[in-house]
Amino acid sequence: MATKRIGMEGSFAIAEAVKLANADVVAAYPITPQTHIVERLAELVANGELNAEYIPVESEHSAMSACLGSSAVGARTFTATAGQGLELMHEVLYVASSLRLPIVMTVANRALSGPLSVWGDHSDVMATRDCGWIQIFAENVQQVFDLVLCAFHIAEDPSVLFPTMVHVDGFHLSHVIESLYLLEQEEVDKFLPKYHHPYALNPDKPVTIGAFGPPNIYTETKKPQDIALRASKKVILQVWRKFSELTGRYYSPVESYKAKDADVLLLVMGSFSETAMMAIDKMREEGQKVGLIRLRLWRPFPFDEFRQAVAQAQLLIVLDRALSFGGPTGPVCSEIQAALYPLETRPKIISFVGGLGGRDISVPTFEDIIRRGMAKAKQGRLDELEMIEVRE
Amino acid sequence: MEKDETIEIRWHGRGGQGAVTSAELLALAAINEGKFAQAFPSFGPERRGAPVLAFNRISNVGHIRVRAAVTNPDVVVVLDPGLIYITDVTSGLKQDGIVVVNTPKSLADIKSELSGPWKLAVVNATVIAREALGIPIVNTAMLGALLKATEILGLESLVEPIKERFGPRAKNNIDACHRAYEETLMAELSVVGQGPRKAFETERLLSWQELLPGCVVIEAGNAKQYRTGDWKSQHPVWDQQRCIKCGICSLFCPEGCIGQNKEGDFEANMYYCKGCGICARECWTEAITMVEET
Ligand code: SF4
Ligand code: SF4
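Residues numbered from 1 in each chain as written. Chains lettered and ligands numbered in written order. Predicted model: local features only at pLDDT ≥ 70, side-chain atom pairs only at ≥ 80, totals over all residues. Heavy atoms only, no water.

Enquirer: Can you help me understand the sheet that holds strand S7 (residues 164-169) of chain A in this one?
Expert: Strand pairing within a sheet occurs via backbone hydrogen bonds; the two strands may be parallel or antiparallel. Residues and elements named next belong to chain A. Spatial ordering of the open sheet is given by S3-S2-S4-S5-S7-S6-S12, a layout of seven strands whose pairing is mixed. Where the open sheet ends on each side, the last strands, each with one partner, are strand S3 (53-56) and strand S12 (297-299). Direction aside, the axes of adjacent strands within the sheet are offset by 20° on average. Here strand S2 (residues 25-28) runs beside strand S4 (residues 77-81); their pairing, made up of two bridges, is parallel. When the bridges of S4 are listed, Val25 appears paired with Thr77. (Pairing = 2+ DSSP bridges. Helix = DSSP H or I, 4+ residues; strand = E, 2+ residues; numbered from the N terminus. Axes fitted to C-alpha atoms, helices over the stretch in contact; angles between N-to-C directions.)

Shown next, in the form of structure tokens:
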């Protein structure tokens with residue numbers, strides 16, 4: 001294992017992981033809202049460091065369509081997008097998951113226009129919640145690198161065969177330089193099995209994919225798709241365990257921070273969790289029993305792990321980085337409410353929305369969120385969604 | 001119709017024959033009479049000749065709420081005689097229900113092919129349509145037959161909707177409708193009998209456990225199983241005396257289903273022949289004639 005800690009931009013770390021995974025095809029639309037990920041990959045392909053087919057297409061819709069084709073012939077396929085680009089792919093995302101094509105894609109999570117915005121939040125992810133992909137959140141550059149490598153392993157497992165998104169907060173992770181440990185090529189080769197799609201397109205053994213599904217069969221096609229996506233969690237756990245044996249770095253569907261004896265838990269997804277940890281530390285020093293829950297696996301939703309992680313708490317404060325306009329609470333919070341509703345005893349839940357369109361959340365603001373959440377719970381104001389730091 | 005009755009009708013036709021139009025005209029006529037009615041098609045791949053369904057509900061009571069296909073009809077209308085042999089047209093038909101069939105066959109012949117606790121009404125709508133309209137589109141004629149068999153509406157209620165739909169061609173369609181009304185014959189079916197000869201087996205639908213990941217179909221060339229033969233209302237007949245064995249017909253057949261038999265004569269495989277008539281049109285010695293299915 002590489003023992004030297006090096007500095008690298010998040011986007012470049014992703015490109016490095018894709019190179020080490022020896023991707024066969026990279027199809028991407030190279031203009032805004034694209035990131036340095038595909039720029040760096042183009043360079044790696046051009047200078048011969050990565051022996052892959054690089055397809056610069058004319059739109060994100062075409063990028064995902066090209067990925068369908070290359071994944072279907074059994075080529076290891078990668079693409080990257082962000083924000084509006086993800087939305088333009090939307091239609092094809094569903095095709096990828098229902099055809100069971102293990103494409104790996106990083107999404108540099110961004111806000112959606114208008115007003116025109118290319119800055120970070122989770123609006124793009126939330127709009128693709130139900131598209132049938134495995135969705136994993138990273139919190140720092142090391143995780144970005146690790147989780148992209150693991151994503152190929154998970155997606156391509158013969159019992160999984162689902163496309164997988166690794167969510168990398170736009171700018172906060174895609175454009176930040178920090179340190180990480182890379183892996184050696186031999187280590188990756190040992191870790192990552194060859195991709196073999198059992199029904200890959202092959203002229204010598206023709207198959208039909210993407211046939212049409214009239215009403216008398218469509219439902220029968222959807223049930224096994226949902227069952228298989230839920231069942232993929234088993235493989236996700238296995239792959240992350242195998243990765244920890246190689247690197248000593250552990251990943252799980254739901255991760256906690258100082259949460260064991262906490263009465264009050266804050267739930268955050270993505271890169272803001274590390275800032276939130278600072279707030280937790282500070283409040284712990286003051287003697288408050290607060291902790292942090294980070295949802296790493298967004299789809300399939302890790303019900304068991306999540307319920308277990310919050311079982312002891314009195315209060316759960318959820319921070320969303322997206323809005324569900326006119327909806328019950330923030331999109332993550334309403335899922336959390338749904339996940340806990342069937343339980344006899346469950347924590348009270350308070351919903352906050354913040355960090356929209358590239359706005360940071362500072363350590364004191366996180367402290368403030370927790371305090372306000374506690375106060376609101378005491379007052380019984382559980383049915384409000386509150387947007388933080390909105391200028392009057 | 002009784003005061004508090006809702007009548008459910010299922011139309012069996014082929015793409016292009018106007019089954020959907022029939023159902024629509026009937027519903028509009030019923031609503032014009034002050035009744036409540038529904039008409040809707042069973043949406044499928046749109047192909048000329050392929051079997052299609054359309055549905056009606058007609059009620060004296062009030063707004064019809066159910067929005068699902070009619071599976072237990074009071075009346076079944078069959079626009080194409082060949083459909084009796086390839087689909088289960090009487091499926092779910094209620095006791096004492098009525099089957100209205102377009103057929104060139106006699107009442108006695110059809111009675112020997114259909115059996116069950118139902119009434120039968122027959123009319124040769126294809127001939128009526130050809131004579132009244134010049135084309136074998138039987139929807140308006142079959143509306144006449146339906147009204148004769150069921151008396152759910154007055155024949156005159158159809159006039160306005162037909163005028164609106166067909167404009168300058170309305171008069172001929174009204175004639176077809178009236179003539180079919182006059183010529184429709186009724187009989188009771190015998191409860192026991194053999195049922196119609198079935199040309200093909202009905203296909204079994206797969207369960208969700210049987211589908212492969214991504215619904216991939218690994219059986220190469222399985223389009224061979226696809227019975228395009230179900231679509232035809234006419235089939236080609238060869239005059240081998242005239243045929244000079246040039247093979248032009250086989251080149252033009254869109255199904256590629258024309259070949260030479262052991263004797264070297266050209267013939268079509270009826271499992272695939274969809275009755276398009278292209279072979280008859282392209283044959284330059286006029287050795288092929290298209291003949292109505294019966
Ligand atoms: S085109 Fe006419 S003449 Fe030629 S093979 Fe066919 S039937 Fe015979
Ligand atoms: S009618 Fe003639 S051309 Fe058309 S499918 Fe049948 S055999 Fe082929």
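Enquirer: I keep staring at the site of ligand 1 and nothing clicks. Help me out?
Expert: For ligand 1, the full set of nearby residues is B:Trp238, B:Cys243, B:Ile244, B:Lys245, B:Cys246, B:Gly247, B:Ile248, B:Cys249, B:Phe266, B:Cys283, B:Thr285 and B:Ile288. Broken down by class, the residue content of the shell around ligand 1 amounts to nine nonpolar, two polar and one charged. (Near = heavy atom within 4 Å. Nonpolar A, V, L, I, M, F, W, Y, C, P; charged D, E, K, R; others polar.)

Enquirer: What is the right way to look at the domain arrangement of chain B in this model?
Expert: A common way to state how big an interface is: give the accessible area lost once the parts meet. All names here are of chain B. Partitioning chain B into domains gives domain 1 (6-188) and domain 2 (227-292). In this structure, domain 1 and domain 2 have C-alpha centres spaced 31 Å apart. In this complex, domain 1 contributes eleven residues to the contact, which on the side of domain 2 involves seven residues. Carbon and sulfur atoms supply 47% of the area buried between domain 1 and domain 2, which totals about 590 Å² over both sides. We note a salt bridge from Glu292 to Arg130, for which the minimum N-O separation is 2.1 Å. Our enumeration of links across domain 1 and domain 2 arrives at four residue pairs in polar contact (both at pLDDT 80 or more). Broken down by class, the residue content of the side of domain 1 that touches domain 2 amounts to three nonpolar, three polar and five charged. (Domains from an automatic or database assignment. Contact = heavy atoms within 4.5 Å. Buried area = accessible area lost by both parts, 1.4 Å probe. Salt bridge = Lys/Arg side-chain N within 4 Å of Asp/Glu carboxyl O. Polar contact = N/O pair within 3.5 Å; in protein donor to acceptor, adjacent residues only side chain to side chain.)

Enquirer: What exactly am I supposed to notice about the pairing of strand S11 (residues 290-295) of chain A here?
Expert: Put simply, side chains in a regular strand alternate between the two faces of the sheet. Residue and element names in this part refer to chain A. Counted residue by residue, S11 has six buried out of six residues, so it is predominantly covered. Alternating residues of S11 divide into Val290, Leu292 and Arg294 and Gly291, Ile293 and Leu295, and every residue in both groups is buried. In the sheet, strand S10 (residues 264-268) pairs with S11 via five bridges, with the strands oriented parallel. Counted as the bridge partner of Leu265 is Gly291 from S11. Traced from S10 through helix H9 (residues 272-285) to S11, the parallel crossover comes out right-handed. (Buried < 20%, exposed > 50% of the residue type's maximum accessible area, 1.4 Å probe, protein only. Right-handed = clockwise from strand over helix to strand, strands pointing away.)

Enquirer: Explain the pattern of salt bridges to me, please; I cannot follow it from the model alone.
Expert: Opposite charge on two side chains permits pairing when their charged atoms draw close. Residues and elements named next belong to chain A. Under the counting rule described, the total for this entry stands at 41 salt bridges over all chains. As a salt-bridge pair, Arg129 and Asp130 come within 3.0 Å of each other at their nearest N and O atoms. Classification of Asp130 by relative accessible area gives partly exposed; the value is 47%. The salt bridge involving Arg299 is made with Asp130; its shortest N-O contact spans 3.9 Å. With Arg299 in strand S12 and Asp130 in the loop between helix H5 (123-127) and strand S6 (134-137), this residue pair connects regions lying 169 residues apart in the sequence. Judged by its relative accessible area of 13%, Arg299 falls in the buried class.

Enquirer: Help me understand the interface of chain A and chain B, please; the structure alone is not making it clear to me.
Expert: Contacts between the two partners involve 16 residues from chain A, matched on the other side by 14 residues from chain B. Interface area, chain A with chain B, both sides summed: about 1,400 Å², of which 74% is carbon and sulfur. Considering only the surface of chain A that becomes buried against chain B, A:Tyr199, A:Thr208 and A:Glu220 emerge as the three largest contributors, covering 31% of it. Joining chain A to chain B, the criterion identifies zero salt bridges. On the surface where chain A and chain B come into contact, there are one residue pair in polar contact (both at pLDDT 80 or more). For the side of chain A that touches chain B, the element with the highest residue contribution is helix H8 (residues 215-247) of chain A, accounting for seven residues. Classifying every residue of the side of chain A that touches chain B gives nine nonpolar, four polar and three charged.

Enquirer: Help me out: how do you make sense of the site of ligand 2 in this one?
Expert: Taken together, 13 residues form the shell around ligand 2, and within it B:Cys253, B:Cys273, B:Cys276, B:Gly277 and B:Cys279 come nearest. Grouping the constituent residues of the shell around ligand 2 by class yields ten nonpolar, two polar and one charged.

Enquirer: Got a minute to help me understand the packing of helix H6 (residues 141-156) of chain A against H8(A) in this structure?
Expert: All names here are of chain A. At a minimum axis separation of 10 Å, H6 and H8 run at an interaxial angle of 130°. With respect to their mutual orientation, H6 and H8 come out oblique. Note that H6 runs across H8; the crossing there is right-handed. Packed against H6, whose contacting residues are Asp146, Leu147, Cys150, His153 and Ile154, the element H8 presents Ile236, Val239, Trp240, Lys242 and Phe243 at the interface. A breakdown of the residues in the contact of H6 with H8 according to their chemical character gives seven nonpolar, one polar and two charged. (Parallel < 35°, antiparallel > 145°, perpendicular 65-115°, else oblique. Left-handed = near helix turned anticlockwise from the far one by under 90°.)

Enquirer: How should the domain arrangement of chain A be read in this particular structure?
Expert: All names here are of chain A. The domain boundaries assigned to chain A delineate domain 1 (4-247) and domain 2 (255-387). The centre of domain 1, based on its C-alpha atoms, is set 28 Å off from the matching centre of domain 2. Every contact between the two is made by 31 residues of domain 1 and, on the other side, 28 residues of domain 2. One can count six salt bridges joining domain 1 with domain 2. Notably, a salt bridge pairs Asp169 with Arg321, separated by 3.4 Å at the nearest N-O pair. Contributing elements (two or more residues each) for the side of domain 1 that touches domain 2: H5, S6, H6 and H8. When residues of the side of domain 1 that touches domain 2 are assigned to their parent elements, the largest contribution, seven residues, is made by H8. In the side of domain 1 that touches domain 2, the residues fall into 15 nonpolar, nine polar and seven charged.

Enquirer: Help me understand a nonpolar patch on the surface in this model?
Expert: A surface patch of nonpolar side chains, about 220 Å² in accessible area, is lined by A:Leu385, A:Met387 and A:Val390. With respect to the helices and strands, A:Met387 occurs in strand S15 (residues 385-387). (Patch = residues over 30% accessible without salt bridge, like charges linked within 9 Å, V, L, I, M, F, W, Y side chains within 5 Å. Areas by Shrake-Rupley, 256 points an atom, 1.4 Å probe, with all protein chains shown as cover.)

Enquirer: Looking at this structure, I do not really get the side chain of A:His122. What am I missing?
Expert: Considering the arrangement of structural elements, one finds A:His122 in the loop between strand S5 (104-109) and H5. If we skip the residues at most four places from it in the chain, A:His122 touches A:Asn109, A:Phe137, A:Asp169, A:Met269, A:Arg321 and A:Ala322.

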